[in-house]
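Listed below are the residues making up each chain.
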Amino acid sequence: MTVTVTGTPAGQGNLSAGRHGKLYHSNSAELKTWRTLIQVAAVRVSGYHPLTLFGARKTCMRCGKRAAEHGLFSGPVALDAVVALARPPSVTRPYPTSRHHSDWDHHARALGDALTGVLYADDSQIVDGHVRQVYVDGPGCPLPRPGARITVSEMPR
Ligand SMILES: [Zn+2]
């Protein structure tokens, strides 16, 4: 199952300390938008709907499935992704190695979370992960625009 998303990739885990020392995602608006775009693309390609909870209930309002079982794949999966970033105008280096970008593992976390409830019930089902980040006009980028291409496949049994 391959999900192709166009948008501005945002990493998850760039935490900042707010007032009273509470931690929050320093890019929360971008991250929310990015995760929504991924989920919409995953729904479109898989035909599976997102988990829709109501109040304290732990079952989906739409299909009655338990949250713990809500997703296309029920067993262990592999996730393989390319994250394509826009190149800032002044940057000439071939790969996004600057600190201005999220780290690859933060991208992995955002992708893993965004697909939860659609392609699998919990991102703990991902036992094999590979995330590569590239510039959209740089070496090895398969995408014409910034975004991501994510392939999730069942592990052999
Ligand atoms: Zn459902």
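Look above for the structure.
So, how was this worked out
- Residues numbered from 1 in each chain as written.
- Predicted model: local features only at pLDDT ≥ 70, side-chain atom pairs only at ≥ 80, totals over all residues.
- Heavy atoms only, no water.
- Helix = DSSP H or I, 4+ residues; strand = E, 2+ residues; numbered from the N terminus.
- Rg over C-alpha atoms; globule rule 2.2 N^0.38 Å.
- Contact = heavy atoms within 4.5 Å.
- Donors = N, O, S within 2.8 Å, 3.2 Å for Na, K, Ca; no water.
- Tetrahedral: all angles 85-135°; square planar, octahedral: opposite > 155°, others 65-115°.
- Buried < 20%, exposed > 50% of the residue type's maximum accessible area, 1.4 Å probe, protein only.
- Salt bridge = Lys/Arg side-chain N within 4 Å of Asp/Glu carboxyl O.
- Pairing = 2+ DSSP bridges.
- Axes fitted to C-alpha atoms, helices over the stretch in contact; angles between N-to-C directions.
- Parallel < 35°, antiparallel > 145°, perpendicular 65-115°, else oblique.
- Left-handed = near helix turned anticlockwise from the far one by under 90°.
- Nonpolar A, V, L, I, M, F, W, Y, C, P; charged D, E, K, R; others polar.

Engineer: Explain the overall build of the protein chain here, please?
Structural biologist: A tally of regular secondary structure across the protein chain gives two helices and six strands. Reading the helices (α) and strands (β) of the protein chain from amino to carboxyl end gives β-β-β-α-β-α-β-β. For a compact globule of 157 residues, the expected C-alpha radius of gyration is about 15 Å, and the protein chain comes in at 16 Å, within 12% of that figure. Structurally, the protein chain occupies a C-alpha span of about 50 × 45 × 25 Å along its principal axes.

Engineer: Could you clarify how one ought to interpret the environment of T6 in this entry?
Structural biologist: Relative to the assigned elements, T6 resides in strand β1 (residues 2-6). With 15 residues separating them in the primary sequence, T6 and G21 have C-alpha atoms 35 Å apart. With near-sequence residues (within four places) excluded, T6 lies in contact with L37, R145, P146 and G147.

Engineer: Whenever I open this one, the coordination of the zinc ion confuses me. Can you help?
Structural biologist: Metal coordination angles in their ideal form are 109.5 degrees for the four-donor tetrahedron and 90 or 180 degrees for the six-donor octahedron. Taken together, the protein ligands of the zinc ion are H49 (NE2), C60 (SG), C63 (SG) and H70 (NE2), with distances of 2.0 to 2.3 Å. Here the zinc ion binds four donor atoms, and the angle range of 101 to 117° at the metal identifies the geometry as tetrahedral. Sequence positions of the residues that donate to the zinc ion give the spacing H-x10-C-x2-C-x6-H. Residue C60 is found in the loop between α1 (28-46) and β4 (77-85), and its partner H70 is found in the loop between α1 and β4; the two are separated by ten residues along the sequence. Classification of C60 by relative accessible area gives buried; the value is 2%. Judged by relative accessible area, which is 0%, H70 ranks as buried.

Engineer: Honestly, the pattern of salt bridges in this entry has me stumped. Any pointers?
Structural biologist: When the charged atoms of two side chains lie near each other, side chains of opposite charge can form a pair. Inspection of every chain in the model, using the stated rule, returns three salt bridges. Residues R87 and D137 are paired through a salt bridge, measuring 2.9 Å at the closest nitrogen-oxygen approach. Taken together, the residues span a long stretch of sequence, with R87 in the loop between β4 and α2 (104-114) and D137 in the loop between β5 (126-135) and β6 (147-154) at a distance of 50 residues. R87 gets classed as partly exposed once you look at its relative accessible area, which sits at 23%.

Engineer: In this structure, what is going on with the sheet that holds β5? I would like to understand it.
Structural biologist: Taken in spatial order, the four strands make up an open sheet running β1-β6-β4-β5, and their pairing is mixed. Looking at which strands have only one partner, the edges of the open sheet turn out to be β1 and β5. Strand-to-strand twist in this sheet, taken as the mean axis angle between neighbours without regard to direction, amounts to 10°. Pairing between β4 and β6: eight bridges, direction antiparallel. Residue pairing across strands places D80 opposite T151, the latter belonging to β6. Sheet strands touched by α1: β1 and β6. Its angle to β1, the strand with the most contacts, is close to 140°.

Engineer: Looking at this model, I keep getting lost on the packing of α1 against α2. Mind explaining?
Structural biologist: Helix-helix packing: each pair is described by the crossing angle between the helix axes and the interaxial distance. The N-to-C vectors of α1 and α2 enclose an angle of 50°; their axes lie 9 Å apart at closest approach. Between α1 and α2, the crossing angle belongs to the class labelled oblique. Once α1 is placed against α2, the crossing between them reads as right-handed. Facing L31, W34, R35, I38 and Q39 of α1, the residues of α2 in contact are A110, L111, D113 and A114. The class makeup of the residues in the contact of α1 with α2 is six nonpolar, one polar and two charged.

By themselves, these are just geometric observations and shouldn't be taken as functional.
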